[in-house]
Amino acid sequence: MIRLRPYKPADTRKLLEWWEDADETVFVKWSCGKFSFPLTAGELDEYFREWCLKEERGWLMTALDGDGVPVGHYLMRLADYEEGSVRIGFIVMDPKVRGKGYGKEMIGQILTYAFRILGMRKVSLGVFENNPQAKACYEAAGFAVKEYIPDYLEYKGTTYAAFEMEAVYHE
């Protein structure tokens, strides 16, 4: 069972653990170049203080397993209550739980939170073309491809394509 709660600075340790053995390119795509590689506690703490605590239209969330242990993380941002839309990003799961259905469950919980609690009608995200597992997870949870972006991110001379995806609330 996955539960969602607001991110706490104490979650930094877990988030750092998930990136300990990461490949730089995978990390850069996750962060879209917003963080340095390797990620440090200081950088995460500063991000939390400088962005998360001040941003009115965005917040970080943590996914917990049935025992209350952090197993996932994501960002909600660009919340537009008039338009009924929000964007999610920085989605990551603990490598130890990947392949166990937690990702799909977390995405389902995110949509429930966005649609039923926040009253949103649309949730969007971007996923890189060369991440078919994540794309399949998002599609299984209700997202559909809205656009293909061939030049989504350029890093160290390589351009990465991505899909813009969207889930729409259906009563």
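Quick caveat, the model's predicted, so the values are computed rather than measured.

So, how was this worked out
- Residues numbered from 1 in each chain as written.
- Predicted model: local features only at pLDDT ≥ 70, side-chain atom pairs only at ≥ 80, totals over all residues.
- Heavy atoms only, no water.
- Salt bridge = Lys/Arg side-chain N within 4 Å of Asp/Glu carboxyl O.
- Helix = DSSP H or I, 4+ residues; strand = E, 2+ residues; numbered from the N terminus.
- 1 Å grid on protein atoms, 1.4 Å probe; cavity = no way out; pocket = protein on both sides within 12 Å on 5 of 7 lines; lining within 4 Å.
- Points joined across faces, edges and corners; volume = space filled by probe spheres on them.
- Nonpolar A, V, L, I, M, F, W, Y, C, P; charged D, E, K, R; others polar.
- Buried < 20%, exposed > 50% of the residue type's maximum accessible area, 1.4 Å probe, protein only.
- Pairing = 2+ DSSP bridges.
- Phe/Tyr/Trp six-rings, centres within 6.5 Å; stacked < 30°, edge-to-face > 60°.

### Describing the pattern of salt bridges
Taken as a whole and judged by the stated rule, the model has eight salt bridges. Lys-14 is the salt-bridge partner of Glu-17, the closest N and O atoms lying 3.8 Å from each other. In this pair, Glu-17 and Lys-14 both sit in helix α1 (residues 12-18), three residues apart, roughly one turn of the helix. Note that Glu-24 and Lys-156 form a salt bridge whose closest N and O atoms lie 3.2 Å from each other. In this pair, Glu-24 is assigned in helix α2 (residues 24-31) and Lys-156 in the loop between β6 (144-155) and β7 (158-168), connecting sequence segments 132 residues apart.

### Remarks on the layout of surface pockets
Roughly 1,300 Å³ of internal volume is contained in the largest pocket. Broken down by element, the lining of the largest pocket gets its largest block of residues, seven residues, from strand β4 (residues 85-93). When the residues that make up the lining of the largest pocket are grouped by side-chain class, the tally is 27 nonpolar, nine polar and 13 charged.

### So, the pairing of strand β2 (residues 59-64)
Of all six residues that make up β2, six are buried, and the element is covered over most of its length. Side chains of β2 alternate between two faces, with Trp-59, Met-61 and Ala-63 and Leu-60, Thr-62 and Leu-64 buried alike. In this structure, strand β1 (residues 3-6) lies alongside β2, joined through four bridges in antiparallel fashion. The partner of Leu-4 across the bridge, within β2, is Ala-63.

### A short note on the packing of aromatic side chains
Going through the model one piece at a time under the given rule, you end up with 16 aromatic pairs. A centroid spacing of 5.2 Å and a plane angle of 40 degrees characterise the contact between Trp-30 and Phe-90, whose relative ring orientation is tilted. Of this pair, Trp-30 sits in helix α2 while Phe-90 sits in strand β4, and the two are 60 residues apart along the sequence. No difference in accessibility class separates Trp-30 from Phe-90, as the two residues are buried. Measuring from ring centre to ring centre gives 5.6 Å for Tyr-47 and Trp-51, while their planes differ by 10 degrees; the resulting arrangement is stacked. Taken together, the positions of Tyr-47 and Trp-51, both in helix α3 (residues 41-52) and four residues apart, correspond to about one turn of that helix. For Trp-51, a relative accessible area of 22% translates into the label partly exposed. In this structure an aromatic cluster arises from ring pairing among Trp-19, Phe-27, Trp-30, Phe-35, Phe-37, Tyr-47, Trp-51 and Phe-90.

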